[in-house]
Amino acid sequence: MKKTLYIILFAGLIVMNSCLDDLDQAPHVEDTAEDVYTTAANYKAVLAKLYAAFYTAGQEKGGNNSDLDSNSGQDYMRCYFNLQECGTDEVASTWLEGDKVSDLTYLSWDANDPWVSDMYYRIFYNISLCNEFLRNAGDEQISGFTESEQADIRHYRAEARFLRALAYYHAMDLFRNVPFVTENDPVGTFIPPRYEAKQVFEFIETELKEIDNDLLSKNECEYGRAPKAAAYALLAKLYLNAEVYINTERYTDCITNCKKVIAEGYILEPEYQKLFNADNHKRTNEIIFAYAVDAEKAVTWGATTYIICGAVGNSSDYQKPGDYGVTSGWGSFRVRGNIPKLFKAGDKRALFFSEGQTLEVETVDNQSNGYFVTKWTNLTDTGEQASNTADGGVNTDFPVFRLADIYLMLAESVTRGGSGSSATEALGYVNKLRERAFGDAYDTSGKVSESEILLPDFFLNERAMELYWECTRRTDLIRFGSFTTSAYRWEWKGGVKEGKAVDDKYNIYPIPATDLTANPNLYNENY
């Protein structure tokens with residue numbers, strides 16, 4: 001069993017209905033705050049729920065006793081994967097109509113899209129959970145505990161602020177200008193103000209800096225909880241994309257925070273695919289922070305269950321579900337043709353199943369078009385199936401931040417003019433990843449030169465090869481000016497086989513129409 005922070009469920013402790021008219025609505029509870037926040041152990045149990053809300057949909061197995069009744073009630077990670085991947089060159093979705101992902105796939109959604117709405121309400125549900133925890137974790141509220149217990153709760157409090165910052169980062173990245181609430185706002189009739197991206201950016205930045213002293217270091221932190229390096233990694237990602245969010249370059253700050261992560265003592269995992277198997281909780285050398293999916297304690301049909309089962313065909317005569325540690329395939333996803341073409345021969349990151357599949361995606365919803373991705377599995381290090389996926393989902397964690405991404409963010413920031421590192425150091429980090437990817441073929445096929453990393457699309461392509469299906473692609477394409485423009489086309493971009501440019505408004509998702517009605521402070525500029 002994984003040594004991690006698991007959910008301990010109180011009867012009805014944090015069960016929240018849709019909060020269309022009040023994004024700071026307190027969770028509906030059977031036990032009151034006075035009942036719950038009586039022991040340090042209970043604080044930790046609630047903290048576990050804050051983490052689990054990023055990858056489970058409810059209080060019970062597989063999302064039963066749902067947290068939210070809005071729209072389809074999908075879990076956070078399933079929504080996030082779809083919004084970050086389905087409209088890009090990394091995913092071709094099979095069940096366009098059944099899963100209602102046609103508009104995501106063709107970059108044609110509107111303010112009534114169910115996935116956009118579910119993502120929005122999941123984000124603000126998680127923010128409301130964190131706010132409620134923080135209302136009950138101030139110095140005054142915990143003053144009756146022992147000094148040791150108070151110290152523990154201060155760590156929990158910092159982690160809740162980190163998780164709230166992560167949710168606000170997703171809100172800003174996906175929706176840009178959003179409603180804003182904290183634990184200091186009243187509960188009940190409060191109508192949240194609309195914060196513009198710059199205000200949200202500054203809040204996230206301030207929060208992550210302020211909690212530094214109260215987050216635990218890498219070696220102190222229990223698996224499944226966020227260490228200091230997770231905050232540094234989120235800051236690095238915030239700064240890498242600052243020009244998109246606030247029209248200001250912050251590449252030097254990105255480099256600074258990447259170096260802080262590296263200084264915490266992380267090193268690369270020798271085998272790339274072991275980062276994505278059912279024993280990846282052992283990869284704390286490279287994985288900085290992960291959603292700790294567990295087939296017994298934190299069962300989900302979203303998150304990595306969605307990714308792994310979705311990448312195994314359910315009509316293929318060739319692909320065997322057991323080879324990937326799953327009981328059956330869902331046939332949900334393949335990759336569009338542009339991505340496999342990026343890889344050189346010998347690159348061990350090219351993990352695709354091609355037998356019986358065409359490279360090109362002639363028809364998006366045809367399972368035989370496009371390669372299946374085999375990067376993610378539910379297999380242990382010894383090749384055994386880790387869990388019965390028909391009953392308990394997969395046992396594979398989702399790495400939110402890992403060292404490879406830190407290397408690539410630092411190197412890209414150097415090439416974009418950031419200071420605090422050098423081209424030589426940047427090249428060294430890129431080639432560390434290349435050496436792992438190519439192994440014995442590194443010197444002949446994998447090693448790159450300084451002139452190569454300065455090419456315009458080098459990092460866009462390198463990030464695709466290293467990080468595909470890790471929920472970075474949409475954000476990366478936008479940073480390179482390639483998501484909506486004609487600068488880069490892929491199959492079925494904009495709804496046509498050869499791909500086409502679309503309206504720039506699709507760089508940002510719209511606030512759902514339901515919340516525009518409920519909150520007069522909100523509006524969409526272009527929808």
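Reading the values: rules and limits
Residues numbered from 1 in each chain as written. Predicted model: local features only at pLDDT ≥ 70, side-chain atom pairs only at ≥ 80, totals over all residues. Heavy atoms only, no water. Helix = DSSP H or I, 4+ residues; strand = E, 2+ residues; numbered from the N terminus. Buried < 20%, exposed > 50% of the residue type's maximum accessible area, 1.4 Å probe, protein only. Contact = heavy atoms within 4.5 Å. Areas by Shrake-Rupley, 256 points an atom, 1.4 Å probe, with all protein chains shown as cover. Lys, Arg positive; Asp, Glu negative; His and termini not counted. Charge placed at Lys NZ, Arg CZ, Asp CG, Glu CD. 1 Å grid on protein atoms, 1.4 Å probe; cavity = no way out; pocket = protein on both sides within 12 Å on 5 of 7 lines; lining within 4 Å. Points joined across faces, edges and corners; volume = space filled by probe spheres on them. Nonpolar A, V, L, I, M, F, W, Y, C, P; charged D, E, K, R; others polar. Core = buried A, V, L, I, M, F, W, Y, C linked by side-chain atoms within 4.5 Å. Salt bridge = Lys/Arg side-chain N within 4 Å of Asp/Glu carboxyl O.

Description of the overall build of the protein
Secondary structure assignment for the protein yields 19 helices and eight strands. In the protein, which comprises 527 residues, the share counted as buried stands at 63%. Intrachain contacts of the protein at a sequence separation of at least 6 include 70% that bridge at least 24 residues. For the protein, the exposed surface amounts to about 18,800 Å²; the carbon and sulfur share of it is 46%. Side chains of the protein give 51 positive and 79 negative charges; the mean places of these two sets differ by 5 Å.

Quick notes on empty space enclosed by the protein
Evaluation of the coordinates by the stated rule reveals five cavities of 30 Å³ or more. Around the largest cavity sit 26 residues that line it, and K237, V400, E470, C471 and T472 are the ones nearest its centre. Mapped onto the lining of the largest cavity, the elements with two or more residues apiece are α3 (76–85), α6 (147–175), α8 (228–240), β8 (398–402), α17 (458–467) and α18 (473–479). Classifying every residue of the lining of the largest cavity gives 13 nonpolar, five polar and eight charged.

Topic: the nonpolar core
Core analysis: the largest hydrophobic core is formed by 168 residues, its most contacted members being F162 and F289. Here the element with the most residues in this core is α6; it accounts for 15 residues. Discounting chain neighbours no more than four positions away, the residues touching F162 are L208, I211, A226, A230, A231, L234, F289 and F401.

Remarks on the pattern of salt bridges
As enumerated under the stated definition, the model contains 45 salt bridges in all. Residues E207 and R161 are paired through a salt bridge, measuring 2.8 Å at the closest nitrogen-oxygen approach. Taken as a pair, E207 in helix α7 (residues 197–210) and R161 in helix α6 lie far apart in primary sequence, 46 residues in all. E207 gets classed as buried once you look at its relative accessible area, which sits at 6%. In this structure, E269 and R283 form a salt bridge, with 3.5 Å as the shortest nitrogen-oxygen distance. With E269 in the loop between α10 (251–263) and β4 (287–291) and R283 in the loop between α10 and β4, this residue pair connects regions lying 14 residues apart in the sequence. Of the two residues, E269 and R283, both sit in the buried class.

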